[in-house]
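# Summary of structural features
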Amino acid sequence: MSEYLQTENLLSAPPHPFREFWQYFSENKTALTGFCFILFITFMALAAGYIAPHGPFEQYRDAILTPPVWMEGGTWTFPLGTDDVGRDMLSRLIHGARLSLLVGVIVVTLSLAAGILLGIVSGYIGGYFETMIMRLMDIMLALPSLLLAMAIVTILGPSLENAILAIAIVVLPHYVRLARASVITEKAKDYVTASRVCGAGAFRLMFVVILPNCMAPLIVQATLGFSTAILDAAALGFLGMGAQPPVPEWGAMLANALQFVQRAWWVVTFPGLAIFFTVMAFNLAGDGLRDALDPKLKR
Amino acid sequence: MQVISLGPLTPRFSEPKFSGQLLMIKFLLRRIAMIIPTFIGITLLTFSLIHMVPGDPVELIAGERGITPERHAELKADLGLDKPMLVQYANYIRGILHGNLGKSIVTKQPVFREFLTLFPATLELSFFALIFAVILGLPAGIIAGVRRGSFFDHSVMGLSLAGYSMPIFWWGLLLILFFSVFLGWTPVSGRISALFWIDADTGFMLIDTLRSNEKGAFISALRHLILPSIVLGTIPLAVIARMTRSAMLEVLMEDYVRTARAKGLSPFRVIMVHALRNALIPVITVIGLQTGVLLAGAILTETIFAWPGVGKWIVESINRRDYPSVQGGILLISSLIILVNLAVDMLYGVVNPRIRHNK
């Protein structure tokens with residue numbers, strides 16, 4: 001009986017790739033926690049207008065630097081307290097989630113698209129084009145990302161948009177190198193030769209045949225890229241080179257709170273916690289994705 | 001042909017050594033040659049910075065606005081901005097090679113000299129941050145690797161992920177809140193208490209205070225160093241702990257470790273001598289590569305703690321639109337990082353023979 005069952009198991013079709021992936025991923029509890037937190041933050045960001053108890057710019061002049069609700073003098077009107085001009089911390093944090101996720105999405109989309117394009121084309125064509133692109137990427141990698149981003153912001157001027165652009169440029173080399181490396185291993189394989197024999201053109205070979213097989217490391221890098229993007233944007237905001245006040249960006253909120261460190265710990269603590277948990281969630285999910293997608297680790 | 005066979009042993013045994021040395025030299029030369037395009041790329045970036053920033057380069061460099069056309073033309077000729085781009089770039093490179101990086105708009109001091117005065121502060125901070133990271137990270141990684149799956153392992157991995165995700169500017173604020181404001185143990189900012197006036201002989205506060213004979217100055221300088229070092233060392237600490245753990249795990253599965261165990265060596269000896277030595281090779285590289293992380297982190301850490309180093313100086317220069325300083329600062333910091341990375345790579349080639357024999 002048991003033998004019969006086993007044969008049937010062998011005969012049945014392999015699980016759908018996504019299902020297989022989900023099985024590995026959901027086994028990893030920490031990665032799942034990270035993923036759930038990302039969903040939570042995304043929900044907050046999307047529904048910010050409905051959830052946030054107050055507007056992000058609304059100032060309550062009679063409630064300046066109100067402590068959080070569990071402390072003496074706190075009220076439920078402002079659950080996490082207010083800042084130096086009487087704006088509700090919680091509402092600003094919720095609206096800030098919108099900006100941070102937006103930064104992540106735009107940075108990752110821009111750098112992923114450009115990185116795939118440059119990486120695949122240079123890996124596929126090779127020769128001088130490849131050498132030139134890769135040297136350029138090496139130069140960019142030699143600089144610390146924050147310094148390079150600061151240089152770019154100096155040229156473009158400080159604003160959230162320019163910070164996003166600067167970060168997208170700074171993280172580009174990672175995607176280019178990953179895409180190129182996987183193209184080089186993939187393009188020598190039989191299935192690519194087979195499509196070429198069938199008459200597929202260079203464009204089709206690069207983006208339809210090879211690209212889907214190079215996606216796994218790129219997806220992992222993109223997830224981890226979210227955390228870098230959010231962290232760097234916050235750092236730039238903190239240095240006054242990213243989002244400008246009164247925009248409720250978490251890094252910029254911290255920078256404004258600096259002078260109240262000694263008087264009101266909550267204006268400093270909560271924006272940082274928000275950055276920390278969001279970045280950590282993306283890192284956890286990214287590590288989990290790597291384990292689930294990496295064929296070498298598969299049991 | 002026949003002559004060689006007369007003494008077959010000598011050439012056979014000396015040859016690998018000779019070719020090994022040759023390979024090593026080739027490896028070093030190739031690695032040194034690789035930094036030239038990188039250096040050119042960075043000079044191109046800093047050179048073009050001044051031309052890409054919105055505004056007239058002449059006014060930007062001279063730091064004057066609303067100047068008369070005559071003065072403008074004079075300045076333009078003075079600064080060499082009337083020449084073709086290529087000539088300007090060649091002049092820029094010549095200036096760099098002579099240690100001339102222009103003058104700061106704000107202080108009117110040569111940028112190179114300003115950098116040199118401030119750099120010891122950054123170096124001192126980075127040094128202690130690295131020491132902090134290595135002293136904690138190396139043992140934590142080793143124990144986590146040896147006791148894989150234990151509670152300690154999970155805590156180290158969790159904490160290192162937390163450290164890796166930490167916005168260090170916020171981490172610094174938290175530490176200030178707790179240790180300086182709440183407990184009052186450490187000073188909030190600066191390099192030394194305002195009570196002391198120390199002549200900057202070497203620029204390294206700890207050395208200068210020791211030489212100054214002022215009572216308590218050394219302790220004060222040390223107390224000022226603690227929090228910034230912890231903040232700056234946090235990310236390297238996380239990276240080193242993770243790297244040490246995974247290197248240990250890899251090495252512990254090797255045959256020679258099993259052999260060492262089978263020989264009956266004590267577990268301590270197997271781990272500290274047989275395994276650790278080999279696990280250290282990638283760890284040393286990672287430690288070396290933290291220079292970039294440290295210098296970038298110094299920008300944030302110095303801003304929080306009002307630490308008078310090059311990181312804070314660059315941020316201030318950008319905010320003051322002191323472009324010659326920004327230009328020079330970026331160039332000098334990135335050159336430093338390139339040189340350190342070069343040194344690490346070369347050291348790696350020396351420590352790990354596989355690298356140079358591969359290619």
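Predicted model, so just to flag it, every value in this text is computed and none were measured.

### Side note on the overall build of chain A
Scanning chain A for helices and strands turns up 12 helices and zero strands. Listed N to C, the secondary structure of chain A is α-α-α-α-α-α-α-α-α-α-α-α in terms of helices and strands. The proportion of buried residues among the 299 residues of chain A is 46%. The long-range fraction of contacts in chain A, counting pairs at least 24 apart against all pairs at least 6 apart in sequence, stands at 69%.

### Observations concerning the overall build of chain B
Helix and strand content of chain B: 15 helices and zero strands. Relative to the 2.2 N^0.38 estimate, which gives 21 Å for 359 residues, the radius of gyration of chain B is 26 Å and therefore markedly larger than a compact globule would have. Looking at the 359 residues of chain B, the share that counts as buried comes to 37%. Counting contacts in chain B only where the partners sit at least 6 residues apart, residues at least 24 apart contribute 70% of the total.

### Focus: helix H12 (residues 267-305) of chain B
Here H12(B) contains 39 residues, and its C-alpha end-to-end distance of 44 Å is more than 12% below the 57 Å for a straight helix at 1.5 Å per residue. Phi turns positive one or two residues past the end of H12(B), at B:Ala306, with a value near 50°.

### Notes on the interface of chain A and chain B
Counting from both sides, the interface comprises 34 residues of chain A and, opposite them, 38 residues of chain B. Looking at the side of chain A that touches chain B, the elements with two or more residues in it are helix H6 (127-142), helix H7 (145-156), helix H10 (202-238) and helix H12 (265-293) of chain A. Within the side of chain A that touches chain B, the residues separate by chemical class into 24 nonpolar, eight polar and two charged.

### Some points on the nonpolar core
Among the nonpolar cores identified, the biggest contains 165 residues, and A:Ala149 and A:Ile167 are the most heavily contacted of them. Those residues in contact with A:Ile167 that sit more than four places away from it in its chain are A:Val107, A:Ala149, A:Ala229, A:Asp232 and A:Ala233. If you look at the next biggest cluster of nonpolar residues, it comprises six residues, including B:Met205, B:Ala217, B:Ala221 and B:Leu225.

### Topic: H6(A)
Between its terminal C-alpha atoms H6(A) stretches 23 Å, which fits the 22 Å expected from 16 residues at 1.5 Å a residue. All of the buried residues in H6(A) are A:Ile133, A:Met137, A:Ile139, A:Met140 and A:Ala142.

### Regarding the packing of H6(A) against helix H8 (residues 160-187) of chain A
All names here are of chain A. Contact geometry of H6 with H8 gives a least axis separation of 9 Å together with a crossing angle of 140°. Judged by the angle between their axes, H6 and H8 are oblique. Between H6 and H8 lies a crossing whose hand is left-handed. From H6, Ile133, Met137, Met140 and Leu141 reach across to H8, where they touch Leu172, Pro173, Val176 and Arg177. Looking at side-chain class alone, the contact of H6 with H8 contains seven nonpolar, no polar and one charged residues.

### Section: the confidence of the model for chain B
Detail in the predicted coordinates should be disregarded across regions flagged by low pLDDT. Residue and element names in this part refer to chain B. Mean pLDDT over chain B stands at 82; residues scoring 70 or higher make up 91%. Per-element averaging of pLDDT across chain B places helix H1 (residues 2-6) at the bottom with 41 and helix H6 (residues 111-146) at the top with 92. Under a pLDDT of 50 for its full length, residues 1-15 has, in the predicted model, one contact with residues more than four places off or in other chains. On the interface metric, ipTM, the complex scores 0.81, and its pTM is 0.84.

### Things to note about the environment of A:Pro248
Mapped onto the secondary structure, A:Pro248 falls in the loop between H10 and helix H11 (250-257). Excluding residues that lie within four positions of it along the chain, A:Pro248 makes contacts with A:Pro56, A:Arg92, A:His95, A:Gly96, A:Leu99 and A:Met253.

### Focus: the packing of helix H11 (residues 255-262) of chain B against H12(B)
Residues and elements named next belong to chain B. For the pair H11 and H12, the least separation of the axes is 10 Å and the interaxial angle reads 150°. Here H11 is positioned roughly antiparallel relative to H12, judged by the angle of their axes. Two packed elements cross with a definite hand, and for H11 against H12 that hand is right-handed. Side by side, H11 and H12 meet where Tyr256, Val257, Ala260 and Arg261 of the first sit next to Val270, His274 and Ala275 of the second. Tallied by class, residues from the contact of H11 with H12 come to five nonpolar, one polar and one charged.

### What about unusual backbone geometry?
The amide bond that connects A:Pro245 to the next residue, A:Pro246, takes the cis arrangement and shows omega of 10°. Here A:Pro246 lies in the loop between H10 and H11. Of note, A:Leu65 is a non-glycine position whose phi angle comes to about 55°, a positive value. The residue A:Leu65 is located in the loop between helix H4 (48-51) and helix H5 (89-125) in this model. A positive phi is found at B:Ala306, a non-glycine position, where the angle reads about 50°. Relative to the helices and strands, B:Ala306 is located in the loop between H12 and helix H13 (310-319). By C-beta crowding, B:Ala306 is classed as exposed, having 12 other C-beta atoms within 10 Å.

### Details of the environment of A:Ala264
Residue position: A:Ala264 is located in the loop between H11 and H12. On the basis of neighbour count, A:Ala264 is assigned to the buried category, with 21 C-beta atoms found within 10 Å.

Procedures and definitions
Residues numbered from 1 in each chain as written. Chains lettered and ligands numbered in written order. Predicted model: local features only at pLDDT ≥ 70, side-chain atom pairs only at ≥ 80, totals over all residues. Helix = DSSP H or I, 4+ residues; strand = E, 2+ residues; numbered from the N terminus. Buried ≥ 20, exposed ≤ 12 C-beta atoms within 10 Å, placed from the backbone. Contact = placed C-beta atoms within 7 Å. Rg over C-alpha atoms; globule rule 2.2 N^0.38 Å. Expected span 1.5 Å × (residues − 1). Nonpolar A, V, L, I, M, F, W, Y, C, P; charged D, E, K, R; others polar. Core = buried A, V, L, I, M, F, W, Y, C linked by C-beta atoms within 7 Å. Axes fitted to C-alpha atoms, helices over the stretch in contact; angles between N-to-C directions. Parallel < 35°, antiparallel > 145°, perpendicular 65-115°, else oblique. Left-handed = near helix turned anticlockwise from the far one by under 90°. pLDDT = per-residue confidence, 0-100.

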